[in-house]
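Summary of structural features
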Amino acid sequence: MSNTQPLQVVYSEVEIGEELPILKKNTSPLQLFRYSAITWNTHRIHFDKEYALKEGYPNILVHSHLHGAFLTQLCTDWMGDRGELKSLEVNIKRFAIPGETLTCKGTVVEKKMVDGEGLVTIDLKEINEQAEVCAPGRAVIKLPLV
Amino acid sequence: MTVIEKVSEHFRVMLGQKKEEHLGTITDLMIKRYALAIGDDNPLYSDREYARKRGYEDIIAPPNMVASIVDWSVGLKEEDLHEDGTPKTGGILPSNIQGIRVMGGGEMKKFINPIVAGTDVYVTTEVIDTHVKEGKKGPIAFLVIKNTFKDAKGKIYCISERTVIAR
């Protein structure tokens, strides 16, 4: 996202089945270290490769909250500054490791007016390079009506 | 009693427990570092003037930031951590339980109000559910923890319901 005003998505123009622009993320060991540090997470599985191998994983693992952060960004990039992320549900189905490209996708599956607010529901998926779903999710976003 | 049965019993004792804590101030630096760590360059998280033009007093935190911070305290000494780096005390498992893997099993978050830099945050934590399911490799114990993040006046920012899995 740049400092220029992005095009604003509005409720009246959104259609069921519409797909959000894809967001790709490539994590690195440094990114995972920084995420452990800023969240004060001492779980070795996220920063100590030797320990992760001992637990049977091929490398350190992407944090569950970092998967959630990527899906959050997919939503906030799309909804623009006048949109409001109301809720987000994320489940972790498969681990991910640094170096893998994670692709975040979203599809509008519902839109409805509730108490004068235009709400859209987005079906979310974060998938790895083998097309396996690491983190499915669902978000509700309030959009400006016009 | 198997280890997972002991964990399940421990979770049942935790059910209904509730506590309130003062977490501290969400600083400008914390927000900028978090945004850098997740690789999100949304100017609402880094550019005060940009945020002010959009009606905020200062930059705001990415919506999921407060619910992602694992430990708001100074932390524990290394000898007070399990081999996997998780705390021996104050964590999900009792200190005498070994050989159990604990991991995040998903989270539902409701975002009520954005958190502006400088906000002083409190949390109410409540254990709201626990159950056991049979997995492919044996029983799995689930614990659901609800965190309500708010300020001193009770203004709510975010409600998170986090599922923790032990197996």
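Quick notes on the rules
Residues numbered from 1 in each chain as written. Chains lettered and ligands numbered in written order. Predicted model: local features only at pLDDT ≥ 70, side-chain atom pairs only at ≥ 80, totals over all residues. Heavy atoms only, no water. Helix = DSSP H or I, 4+ residues; strand = E, 2+ residues; numbered from the N terminus. Buried < 20%, exposed > 50% of the residue type's maximum accessible area, 1.4 Å probe, protein only. Contact = heavy atoms within 4.5 Å. Areas by Shrake-Rupley, 256 points an atom, 1.4 Å probe, with all protein chains shown as cover. Lys, Arg positive; Asp, Glu negative; His and termini not counted. Charge placed at Lys NZ, Arg CZ, Asp CG, Glu CD. Pairing = 2+ DSSP bridges. Axes fitted to C-alpha atoms, helices over the stretch in contact; angles between N-to-C directions. Parallel < 35°, antiparallel > 145°, perpendicular 65-115°, else oblique. Left-handed = near helix turned anticlockwise from the far one by under 90°. Nonpolar A, V, L, I, M, F, W, Y, C, P; charged D, E, K, R; others polar. Salt bridge = Lys/Arg side-chain N within 4 Å of Asp/Glu carboxyl O. Expected span 1.5 Å × (residues − 1). Polar contact = N/O pair within 3.5 Å; in protein donor to acceptor, adjacent residues only side chain to side chain.

As recorded in an unreviewed UniProt entry, chain B goes by FAS1-like dehydratase domain-containing protein and comes from Ureibacillus yapensis.

For chain A, the name recorded in an unreviewed UniProt entry is Acyl dehydratase, with Ureibacillus yapensis as its organism.

1. Re the overall build of chain A
When helices and strands are counted, chain A shows 3 helices and 5 strands. Secondary structure elements in chain A, listed N-terminal to C-terminal, are β-α-α-α-β-β-β-β. With the C-alpha coordinates of chain A rotated into their principal frame, the extents come out at 55 × 30 × 25 Å. Split into buried and exposed, the 146 residues of chain A put 51% on the buried side. At a minimum sequence separation of 6, the contacts of chain A that also span at least 24 residues come to 69%. Entry remark: accessible area of chain A is about 6900 Å², with carbon and sulfur atoms responsible for 52%. A distance of 3 Å separates the average location of the 16 positive side-chain charges in chain A from that of its 19 negative side-chain charges.

2. So, the sheet that holds strand S5 (residues 156–166) of chain B
Strand order in the open sheet formed by 10 strands is S1(A)-S3(A)-S4(A)-S5(A)-S2(A)-S2(B)-S5(B)-S4(B)-S3(B)-S1(B), with antiparallel pairing between adjacent strands. Where the open sheet ends on each side, the last strands, each with one partner, are strand S1 (23–26) of chain A together with strand S1 (18–25) of chain B. Direction aside, the axes of adjacent strands within the sheet are offset by 25 degrees on average. The pairing of strand S3 (residues 120–135) of chain B with strand S4 (residues 138–150) of chain B spans 13 bridges and is antiparallel. Within the sheet, the bridge partner assigned to B:Thr130 lies in S4(B) and is B:Leu143. With respect to the sheet, helix H1 (residues 3–14) of chain B is in contact with S3, S4 and S5 of chain B, its orientation differing from that of S4(B) by roughly 25 degrees.

3. A word on the packing of helix H1 (residues 29–38) of chain A against helix H2 (residues 28–38) of chain B
Contact geometry for H1(A) and H2(B): axes closest at 8 Å, N-to-C directions at 150 degrees. With respect to their mutual orientation, H1(A) and H2(B) come out roughly antiparallel. Taken as a pair, H1(A) and H2(B) cross one another with a handedness that is left-handed. Here H1(A) contributes A:Gln31, A:Arg34, A:Tyr35 and A:Ile38 to the contact with H2(B), which in turn contributes B:Met30, B:Arg33, B:Tyr34, B:Leu36, B:Ala37 and B:Ile38. Taken together, the residues that form the contact of H1(A) with H2(B) break down as 7 nonpolar, 1 polar and 2 charged.

4. So, the pattern of salt bridges
All names here are of chain A. The full count for this structure, using the stated rule, is 16 salt bridges over all chains. The shortest N-O distance in the salt bridge between Glu 84 and Lys 86 comes to 3.6 Å. Judged by relative accessible area, which is 34%, Glu 84 ranks as partly exposed. The class for Lys 86 is partly exposed, based on a relative accessible area of 25%. Residues Arg 138 and Asp 123 are paired through a salt bridge, measuring 3.9 Å at the closest nitrogen-oxygen approach.

5. Looking at helix H3 (residues 64–79) of chain A
One turn of an α-helix holds 3.6 residues; hence residues three or four places apart share an orientation. All names here are of chain A. Over its 16 residues, H3 extends 23 Å from the first C-alpha to the last, a length consistent with the 22 Å expected when each residue adds 1.5 Å. Summarising burial for H3: 14 of the 16 residues are buried, a large majority. After H3 finishes, the residue Gly 80 shows a positive phi value of roughly 75 degrees.

6. A short note on the environment of B:Thr25
With respect to the element layout, B:Thr25 can be found in strand S1. Here B:Asp120 takes part through its side chain, which lies 3.2 Å from a polar atom of the side chain of B:Thr25.

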